[in-house]
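Here is what each chain is made of, one letter per residue.
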Amino acid sequence: MKVSHAVAQFLRAQGIRHVFCVSGGASLWIIHGIAETEGIEFVCPQHEQAAGFAADAYARLTGLGCALGTSGPGATNLLTPLAASFYDSIPVLYLTGQVATFRMTGNKGVRQTGFQETPITDMVKPITKYAHTPMRAEDVIPCLEAAIATAKHARPGPVLVDIPDDIQRSELS
């Protein structure tokens, strides 16, 4: 099973029936996973900021929401609703796609190597309870479990998991 399908099944198991997202190259695998999984669907509100606010409202009604954006500007468009979720203590899982791990800048001393590579986890740390980029396929579901537990624990709040493109399309063993 691909990681993208495992993510969709995980979200469904958490009671999430709608993921609010705008498609982009770094998030398409997860969108396909959602589209091909029974009991969960994606809703496209045409802008990532609207997706984030929709997920925030969904969480206020159901207890947990999810918004998905692509890398670069798609991810940064989630900053305003993410901040709103943080200040209002709303448990929302914000997912972002990221460039493939082999395209990541790392310690190369350049601004970016991958197309629209943005250090979104570093950018959101002050306004999330948890922000992480899993770098191996087998780390994605444990990362999501930790994120959801953190989002709901004590004072609720938003979390962000940034999943690289090559990890999304990897097969789980």
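Our structure is the block above this text.
Note that the coordinates shown come from a computational prediction; the quantities given were computed from them, not determined experimentally.

Chemist: Please explain the overall build of the chain as it appears in this structure.
Modeler: Of the regular secondary structure elements, the chain holds eight helices and six strands. Starting at the N terminus and ending at the C terminus, the chain contains elements arranged as α-β-α-β-α-β-α-α-β-α-β-α-β-α. Since a compact globule built from 173 residues should have a radius of gyration of about 16 Å, the 14 Å found for the chain is in line with a globular shape. Taking the principal axes of its C-alpha atoms as reference, the chain extends roughly 45 × 35 × 30 Å. Considering only contacts within the chain whose residues lie at least 6 apart along the sequence, 75% involve residues at least 24 apart.

Chemist: Can you help me understand the pattern of salt bridges in this one?
Modeler: Note that side chains of opposite charge can pair when their charged atoms are close. A full pass over the atoms with the stated rule returns six salt bridges. A cluster of three or more residues bridged by salt bridges with shared partners is formed by Asp 56, Arg 60 and Asp 88.

Chemist: Can you walk me through the environment of Leu 82 in this structure?
Modeler: Here Leu 82 lies in helix 5 (residues 79–87). The class of Leu 82 is buried, set by a relative accessible area of 0%. Not counting the four nearest positions on each side in its chain, Leu 82 is found in contact with Tyr 94, Val 124, Ile 127, Thr 128, Pro 158 and Leu 160.

Chemist: Can you help me understand the pairing of strand 4 (residues 92–98) in this one?
Modeler: Put simply, side chains in a regular strand alternate between the two faces of the sheet. Most of strand 4 is tucked away: seven of the seven residues are buried. Because side chains alternate across strand 4, one face comprises the buried residues Val 92, Tyr 94, Thr 96 and Gln 98, and the other comprises Leu 93, Leu 95 and Gly 97, equally buried. One ladder, built from six bridges, connects strand 4 with strand 6 (residues 159–164); its direction is parallel. Its bridge partner being in strand 6, Leu 95 is matched across the sheet by Val 161.

Chemist: I keep staring at the packing of aromatic side chains and nothing clicks. Help me out?
Modeler: Across all of its chains, the model carries two aromatic pairs by this definition. A ring pair is formed by Phe 20 and Tyr 58, whose centres lie 5.6 Å apart and whose planes are at 70 degrees; its orientation type is edge-to-face. You can see Phe 20 sitting in strand 1 (residues 18–21) and its partner Tyr 58 sitting in helix 3 (residues 48–62), a full 38 residues away along the chain. An identical accessibility class is assigned to Phe 20 and Tyr 58; each is buried. Here Phe 86 and Tyr 87 contribute two aromatic rings whose centre-to-centre distance is 5.3 Å and whose plane-to-plane angle is 75 degrees, an arrangement assigned as edge-to-face.

Chemist: Where do I start with the side chain of His 5 in this structure?
Modeler: Examined against the element boundaries, His 5 turns out to sit in helix 1 (residues 3–13). His 5 gets classed as buried once you look at its relative accessible area, which sits at 19%. Side-chain polar atoms of His 5 contact the side chain of Glu 36, separated by 2.6 Å. Every residue in contact with His 5, bar those within four places of it in the chain, is listed here: His 32, Gly 33, Glu 36 and Thr 37.

Chemist: Before we go on, may I ask you to explain the side chain of Glu 48 in this structure?
Modeler: Looking at where Glu 48 falls in the secondary structure, it is placed in helix 3. If we skip the residues at most four places from it in the chain, Glu 48 touches Val 22, Gly 69, Gly 74, Asn 77 and Leu 78.

Chemist: What is the right way to read the packing of helix 1 against helix 7 (residues 140–152) from this model?
Modeler: When two helices pack together, their arrangement is given by the angle between the helix axes and by the axis-to-axis distance. It is at 10 Å that the axes of helix 1 and helix 7 come closest, and there the two elements cross at 25 degrees. In terms of orientation, helix 1 lies roughly parallel with respect to helix 7. Both helix 1 and helix 7 take part in a crossing whose hand is right-handed. Touching Val 3, Ala 6, Val 7 and Phe 10 of helix 1 are Val 140, Ile 141, Leu 144, Glu 145 and Ile 148, all from helix 7. Split into classes, the residues belonging to the contact of helix 1 with helix 7 amount to eight nonpolar, no polar and one charged.

Rules of the game
- Residues numbered from 1 in each chain as written.
- Predicted model: local features only at pLDDT ≥ 70, side-chain atom pairs only at ≥ 80, totals over all residues.
- Heavy atoms only, no water.
- Helix = DSSP H or I, 4+ residues; strand = E, 2+ residues; numbered from the N terminus.
- Rg over C-alpha atoms; globule rule 2.2 N^0.38 Å.
- Contact = heavy atoms within 4.5 Å.
- Salt bridge = Lys/Arg side-chain N within 4 Å of Asp/Glu carboxyl O.
- Buried < 20%, exposed > 50% of the residue type's maximum accessible area, 1.4 Å probe, protein only.
- Pairing = 2+ DSSP bridges.
- Phe/Tyr/Trp six-rings, centres within 6.5 Å; stacked < 30°, edge-to-face > 60°.
- Polar contact = N/O pair within 3.5 Å; in protein donor to acceptor, adjacent residues only side chain to side chain.
- Axes fitted to C-alpha atoms, helices over the stretch in contact; angles between N-to-C directions.
- Parallel < 35°, antiparallel > 145°, perpendicular 65-115°, else oblique.
- Left-handed = near helix turned anticlockwise from the far one by under 90°.
- Nonpolar A, V, L, I, M, F, W, Y, C, P; charged D, E, K, R; others polar.

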